[in-house]
Amino acid sequence: MQQSTTAPNRLLVRHLGLTDFEMTWHAMQRFTAERTIDTPDELWVTEHQPVYTLGLNRKNIRLPIRNDIPLVHTDRGGKITYHGPGQLIIYALLDLKRYNLSIRKLVSLLENAVIELLADYGQLAVAKTDAPGVYVQDAKIASLGLRIKNNCCYHGLSLNVNMDLKPFEAIDPCGYAGLKVTQTKDLGIAANLQTIAELLLEKLSKNLADEHRHD
């Protein structure tokens, strides 16, 4: 199932439903390879079937201690993480020149959208300069990983909403041994994934529109 809506400044939002990670990743690569200076930017909203993904930072990574979930070597930044149903994923396919965004500013923009969302539900969340992502009481709730090609990015962020967190126990999440993970459901947030997706999209679209205006 795929639905599309248009956000401000020609930002197209695609709701993909539950998808296979590898197929979606290759679709992002194709989109980025084929885009031109006139191609509208897109946000892809999805959940993935269970999968471990290993980013380009593979030094000293402990591989999963279970083999019932596939492991995919991908081209995003970062180390290892898990994706599964009940985790909200928003992929950002953006022309960074359009927003005058550096990779660091884009990471902060994505993190801040999640922090603002959680603040709306009364949760204090923070970002860490040495470990990209969003944390609540030292437990990771959102992960980030990006790839830049020709000043355009793909991949994006994942936010744990209402999922089975056990697969995280088989890895060192994002390369950190013993790192706890949490999700909005365990913080007492009753909103479902669709509601959280819409709220997060609003904040992302607003933050990107603000950057567009500052350009």
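Refer to the preceding data block for the structure.
All of the points below concern the structure found in this document. (Residues numbered from 1 in each chain as written. Predicted model: local features only at pLDDT ≥ 70, side-chain atom pairs only at ≥ 80, totals over all residues. Heavy atoms only, no water.)

Further remarks concern the overall build of the protein. A count of helices and strands for the protein gives four helices and 11 strands. For 215 residues, the compact-globule estimate of 2.2 N^0.38 gives 17 Å, and the protein sits close to it at 16 Å. Reported as C-alpha extents along the three principal axes, the dimensions of the protein are approximately 45 × 35 × 35 Å. Looking at the protein as a whole, 54% of its 215 residues are labelled buried. Across the protein, contacts joining residues at least 24 apart in sequence account for 69% of those joining residues at least 6 apart. For the protein, the accessible area works out to roughly 10,200 Å², and carbon and sulfur atoms hold 51% of it. Taking the average location of the 24 positive side-chain charges in the protein and that of its 24 negative ones, the two points are 5 Å from each other. (Helix = DSSP H or I, 4+ residues; strand = E, 2+ residues; numbered from the N terminus. Rg over C-alpha atoms; globule rule 2.2 N^0.38 Å. Buried < 20%, exposed > 50% of the residue type's maximum accessible area, 1.4 Å probe, protein only. Contact = heavy atoms within 4.5 Å. Areas by Shrake-Rupley, 256 points an atom, 1.4 Å probe, with all protein chains shown as cover. Lys, Arg positive; Asp, Glu negative; His and termini not counted. Charge placed at Lys NZ, Arg CZ, Asp CG, Glu CD.)

Looking now at the pairing of strand 11 (residues 152–160). Burial within strand 11 is extensive, with nine of its nine residues counted as buried. The pairing of strand 10 (residues 139–149) with strand 11 spans eight bridges and is antiparallel. Pairing of Leu-146 across the sheet is with His-155, part of strand 11. A loop of two residues connects strand 10 with strand 11, the two strands running antiparallel in sequence, and Asn-150 in this loop sits at a positive phi of about 55 degrees. (Pairing = 2+ DSSP bridges.)

Taken as a whole and judged by the stated rule, the model has 10 salt bridges. One salt bridge connects Asp-41 with Arg-35, and the closest N-O pair in it is separated by 2.7 Å. This pair shows no difference in class: Asp-41 is buried, exactly as Arg-35 is. The closest approach of N and O atoms between Arg-104 and Glu-111, which form a salt bridge, is 3.5 Å. Each of Arg-35, Asp-41 and Arg-98 takes part in one network of salt bridges that share partners. (Salt bridge = Lys/Arg side-chain N within 4 Å of Asp/Glu carboxyl O.)

Moving on, we come to the packing of aromatic side chains. Summed over the entire model, instances satisfying the criterion amount to four aromatic pairs. Residues Phe-31 and Trp-44 carry aromatic rings whose centres are separated by 6.1 Å and whose planes lie at 70 degrees to one another, so their mutual orientation is edge-to-face. Residue Phe-31 is found in helix 1 (residues 21–34), and its partner Trp-44 is found in strand 3 (residues 41–48); the two are separated by 13 residues along the sequence. Like Phe-31, the residue Trp-44 is buried in the burial classification. Counting every residue linked through ring pairs, the aromatic cluster contains Tyr-52, Tyr-82 and Phe-168. Its end group placed over the ring of Tyr-176, Lys-79 keeps NZ or CZ at 5.9 Å from the ring centre. A cation over a ring is seen here: Lys-128 above Tyr-135, with NZ or CZ 4.3 Å from the ring centre. (Phe/Tyr/Trp six-rings, centres within 6.5 Å; stacked < 30°, edge-to-face > 60°. Lys NZ or Arg CZ within 6 Å of the ring centre and 35° of its normal.)

Attention now goes to unusual backbone geometry. Even without a glycine there, the phi angle at Asn-100 is positive, about 55 degrees. The residue Asn-100 is located in the loop between helix 2 (96–99) and helix 3 (103–120) in this model. Of note in the backbone geometry, Asn-151 takes a positive phi value of approximately 65 degrees without being a glycine. Inspection of the secondary structure assignment puts Asn-151 in the loop between strand 10 and strand 11.

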